[in-house]
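Examination of the molecular architecture
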Amino acid sequence: MVEWGKRFLTGAIAVPVIFVVMQSKLLIFLFVNVILFISMSEYNKIVSQILQLNRARMEHGYIKGMQSVLSHIPSHLFIVLVTLLPSDGAIHCALFISIVFFCLHRIFHFLSHGTFLAQKKDEKDTYIDRRFYILTFIQIAFDIFGFIVFCYPLSFMIVLSNQPDGIGYVLLWLISTWQTDNGALFFGAAFGNRPFSKLISPKKTWEGVTGALFFSMLTALFLFMYMKQGTWHPILLPSIPLKHYLLISALVAIIAISGDAIESFIKRAANVKDSGTLFPGHGGVLDRLDSLAFSSPVVYFYVKAVLGV
């Protein structure tokens, strides 16, 4: 059952916070890092649950040890590099550097536990069970996957905010994504009877997909009307034709639904309903971030390629 009261209260608190954050690039930087830390903590917890399935007790201890606070450093290093390096192309260099740090961190963790994991082969020789090599390799794969899917897209919020009218595009992206989630939930709860994918998320329906697209584009129309009436401060919304508002909102809705499906698959693998409980009625940060993360690069590339900003 949908907890509409909790969802409304959470939204009523979150919206003013977001508008305050949008007034300063420093606040945006800090906000992204806080959201990143919490979301990656939730992601690491899910990964830990997946890796512990059908594992021995010693392996459980090793897996839990891999989910330390130090595992967050490469992600935050990436955000710092993107913020400090003004060139758009620098994001690719920062991406590579951060992935290398992920790999090195996991290998150092493995080496530091070598004595603990070592088993006697004979009186003169020892060995480490091959399972721990495999576990470390799988963890690296999960790290890179989570980084590319959830952390990397967040950087576009920072890069986009540095463009002309960038804050306006960020707000358009955020609001369109939120309304995509609300539309999917409302239409799905009210009219949904054709499952989108029973194997991944039985409660998601095609009616919800339709509602997501409708809510997102309708909200874009209202935002355009407010922008034309001049009731918003010029920095808040971009002065672009209505067709671009509608196209951006439609693209955001389609990609956000894809991101939500991927995160649902990850949670299904770990056998958890929500990634966390930070947002009452919504779940964890990762539950909110999936749609935002996938749609942010689309908005950035649309602004650069189509609008030529």
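In short, a report on the structure. (Residues numbered from 1 in each chain as written. Predicted model: local features only at pLDDT ≥ 70, side-chain atom pairs only at ≥ 80, totals over all residues. Heavy atoms only, no water.)

Glancing now at the overall build of the chain. Looking only at helices and strands, the chain has eleven helices and four strands in total. In the chain, which comprises 309 residues, the share counted as buried stands at 46%. A separation of at least 24 residues holds for 73% of the contacts in the chain among residues at least 6 apart in sequence. Accessible surface computed for the chain: about 15800 Å², of which carbon and sulfur atoms make up 70%. (Helix = DSSP H or I, 4+ residues; strand = E, 2+ residues; numbered from the N terminus. Buried < 20%, exposed > 50% of the residue type's maximum accessible area, 1.4 Å probe, protein only. Contact = heavy atoms within 4.5 Å. Areas by Shrake-Rupley, 256 points an atom, 1.4 Å probe, with all protein chains shown as cover.)

On to the packing of helix α4 (residues 73-84) against helix α5 (residues 90-112). Where α4 contacts α5, the two axes come as close as 9 Å, and the packing angle between them is 160°. In terms of orientation, α4 and α5 fall into the roughly antiparallel class. Relative to α5, the crossing made by α4 is right-handed. Along its contact with α4, which presents Pro74, Ser75, Leu77, Phe78, Leu81 and Val82, the element α5 presents Ile91, Ala94, Leu95, Ile97, Ser98, Phe101 and Phe102. Taken together, the residues that form the contact of α4 with α5 break down as eleven nonpolar, two polar and no charged. (Axes fitted to C-alpha atoms, helices over the stretch in contact; angles between N-to-C directions. Parallel < 35°, antiparallel > 145°, perpendicular 65-115°, else oblique. Left-handed = near helix turned anticlockwise from the far one by under 90°. Nonpolar A, V, L, I, M, F, W, Y, C, P; charged D, E, K, R; others polar.)

Quick look at the pairing of strand β4 (residues 201-205) now. In terms of strand pairing, strand β3 (residues 195-197) meets β4 through two bridges, oriented antiparallel. Looking at β4, one finds that Ser197 is bridged to Ser201. Counting the residues in the hairpin turn of β3 and β4 gives three residues. (Pairing = 2+ DSSP bridges.)

On to the packing of helix α10 (residues 242-270) against helix α11 (residues 285-305). In contact at an axis separation of 7 Å, α10 and α11 are set at 140° when each is read in the N-to-C sense. In terms of orientation, α10 and α11 fall into the oblique class. Note that α10 runs across α11; the crossing there is right-handed. Touching His244, Leu247, Ile248, Leu251, Val252, Ile255, Ala256, Gly259, Asp260, Ile262, Glu263 and Lys267 of α10 are Leu286, Asp287, Asp290, Ser291, Phe294, Ser295, Val298, Val299 and Tyr302, all from α11.

Here the focus is the nonpolar core. Core analysis: the biggest nonpolar cluster contains 68 residues, and Met22, Ile28, Phe78, Phe150, Trp173 and Tyr245 have the highest contact counts within it. Top element by residues in this core is helix α7 (residues 130-161). It accounts for 13 residues. Discounting chain neighbours no more than four positions away, the residues touching Trp173 are Met157, Val252, Leu292, Ser295, Ser296 and Val299. (Core = buried A, V, L, I, M, F, W, Y, C linked by side-chain atoms within 4.5 Å.)

This part covers a nonpolar patch on the surface. On the surface, a nonpolar cluster with roughly 600 Å² of combined accessible area is contributed by Phe96, Val100, Leu104, Ile107, Phe108 and Leu111. By the secondary structure assignment, Val100 is in helix α5. Given the relative accessible area of 32%, Val100 is considered partly exposed. (Patch = residues over 30% accessible without salt bridge, like charges linked within 9 Å, V, L, I, M, F, W, Y side chains within 5 Å. Salt bridge = Lys/Arg side-chain N within 4 Å of Asp/Glu carboxyl O.)

Attention now goes to the pattern of salt bridges. Counted according to the given criterion, the structure contains four salt bridges. Across the pair Lys267 and Glu263 runs a salt bridge, and its minimum N-O distance is 3.7 Å. Placement of both Lys267 and Glu263 in helix α10 is noted, with a separation of four residues, approximately one turn of the helix. Residue Lys267 shares its accessibility class with Glu263, and that shared class is buried.

In this fold, Leu236 is placed in the loop between α9 (206-229) and α10. For Leu236, a relative accessible area of 12% translates into the label buried. Spatially, the C-alpha atoms of Leu236 and Met22 are 8.7 Å apart, while their sequence positions differ by 214 residues. Beyond its immediate stretch of four places on either side in the chain, Leu236 contacts Phe19, Gln23, Ile167, Gly168 and Leu171.

We now examine the packing of aromatic side chains. One pass over the full model with this rule turns up 16 aromatic pairs. Ring centres of Phe110 and Tyr133 lie 4.7 Å apart, and the angle between their planes is 50°; this geometry places the pair in the tilted category. Of this pair, Phe110 sits in helix α5 while Tyr133 sits in helix α7; the two residues are 23 residues apart in sequence, bridging distant segments of the chain. Between Phe156 and Phe301, the aromatic rings sit 5.8 Å apart at their centres with planes inclined by 55°, giving tilted as the arrangement. Pair noted here: Phe156 is in helix α7 and Phe301 is in helix α11, with a separation of 145 residues, a long-range link. These aromatic residues form a ring-pair network of at least three members: Phe78, Phe102, Phe147, Tyr152, Phe156, Tyr300 and Phe301. (Phe/Tyr/Trp six-rings, centres within 6.5 Å; stacked < 30°, edge-to-face > 60°.)

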